[in-house]
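# Residue-level structure breakdown
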Amino acid sequence: MKRFANRTNHSIILVTAAILALSGCSSMAAPNEEQTKPQETTQPAPAEVPKPAEEAKQPETKPAETAKPEETKPEETKQPEAQPPKKPSAEGAGKYEELLADIEVVAEPQSVAVLVNKQRKLPENYTPNDLVFPKVPYLLPEKSEKRKMRKEAAAALEELFAAAKADGVALAGVSAYRSHAYQKALFNRYVQKDGVEKARTYSAVPGTSEHETGLAIDVSGVDGKCAATSCFGGTKEALWLAEHAAEHGFIIRYPDGKEAITGYMYEPWHLRYVGVEIAKQISEQGITLEEYSGVVPASVNETESN
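Since this is a predicted model, take the numbers as computed values, not measurements. (Residues numbered from 1 in each chain as written. Predicted model: local features only at pLDDT ≥ 70, side-chain atom pairs only at ≥ 80, totals over all residues. Heavy atoms only, no water.)

## Topic: the environment of isoleucine 103
Keep this limit in mind: Each helix is a run of H or I in the DSSP string that is no shorter than four residues. Each strand is a run of E no shorter than two, and both are numbered from the N terminus. In what follows, a contact means two residues having at least one pair of non-hydrogen atoms within 4.5 Å.
With respect to the helices, strands and loops of the structure, isoleucine 103 is situated in the loop between helix 5 (88-101) and strand 1 (104-105). Along the primary structure isoleucine 103 and lysine 121 are separated by 18 residues, whereas in three dimensions their C-alpha atoms are 6.5 Å apart. If we skip the residues at most four places from it in the chain, isoleucine 103 touches Lys118, Gln119, Arg120, Lys121 and Thr208.

Printed below as a string of structure tokens:
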């Protein structure tokens, strides 16, 4: 019996020890679980960092919106500039019509030797009936009316340009025929800008411009350098024209030193077709079309550009 009791006690002791051991393990595991929980709290903190950065970007976009109105304001100021010159046109037109009233009307406007100047005008709204486009280079759009010349003059111009090219001189047309309406609008624009008296110092009164005859043309080099300006006089193109234009029926209509006779300043670029015979006589004698025609010269005090 004692052995049985000893065995029983021994078993109880073992069971008790086992229970104590298990309870001890579970009590040690609990602290480990509690230690891992604080580590999870460190993760949300970095997630809050991007928020201030996003908020900081929003104010930067606001100043950019203020730049738009500043760009559009100056454009509105450009419109009023195009309006000034319209009221003086009627007054200016009346003044130059008074100037035309006492000017002689030429009897034969179709003649290649017709003399048109300050004292002699073309018939009202005169239009040549044989205008064509010369086949030469121009500093103008292809279908511009200002390319046109009368048929005989156009053919002579083509020969002139071809001869110049053969000598290594490349010419180009700047402006030939001008209708009466065009010259009137052009002169009226100058009147609006500077008044009648000043306008007459650099532009012809409508009806008195040689460009309306279809026999005159302004020329330059193909590069357009010094086109219809005083510096053209020193170019190789001007020198060639002064020497050879008469061979093809053209004269330098407003030669240097003849301003008191022609009424216009020196224009080495302004060619006038009069036919080979007349051109050679004028060139050889060093005279003007006025002198050749035996007409009283224009006023010494009224020199202007045509």
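## Digging into the pattern of salt bridges
The test is simple: In what follows, salt bridge is the name for a side-chain nitrogen of Lys or Arg lying within 4 Å of a carboxyl oxygen of Asp or Glu. Exposure is judged per residue with a 1.4 Å probe applied to protein chains only, and the accessible area is read against the type maximum: over 50% gives exposed, under 20% gives buried, and values in between give partly exposed.
By the definition in use, this model includes seven salt bridges. The salt bridge involving arginine 253 is made with glutamate 210; its shortest N-O contact spans 2.7 Å. Linking arginine 253 in strand 7 (residues 250-254) with glutamate 210 in the loop between helix 8 (196-199) and strand 6 (216-221), this pair joins segments that are 43 residues apart in sequence. Each member of the pair arginine 253 and glutamate 210 is classed as buried. Lysine 258 is the partner of glutamate 291 in a salt bridge, and the nearest nitrogen-oxygen pair spans 3.5 Å. Of this pair, glutamate 291 sits in helix 12 (residues 289-293) while lysine 258 sits in the loop between strand 7 and helix 10 (259-262), and the two are 33 residues apart along the sequence. Looking at glutamate 291, the relative accessible area reads 33%, which means it is partly exposed.

## Concerning the pairing of strand 5 (residues 171-175)
How we decide: Strand pairing requires that DSSP identify at least two bridges connecting the strands.
For strand 5, the tally of buried residues reaches five of five residues, placing the bulk of the element in the interior. As paired elements, strand 5 and strand 6 share four bridges and run antiparallel to each other. Counterpart to alanine 172 in the pairing with strand 6 is serine 220.

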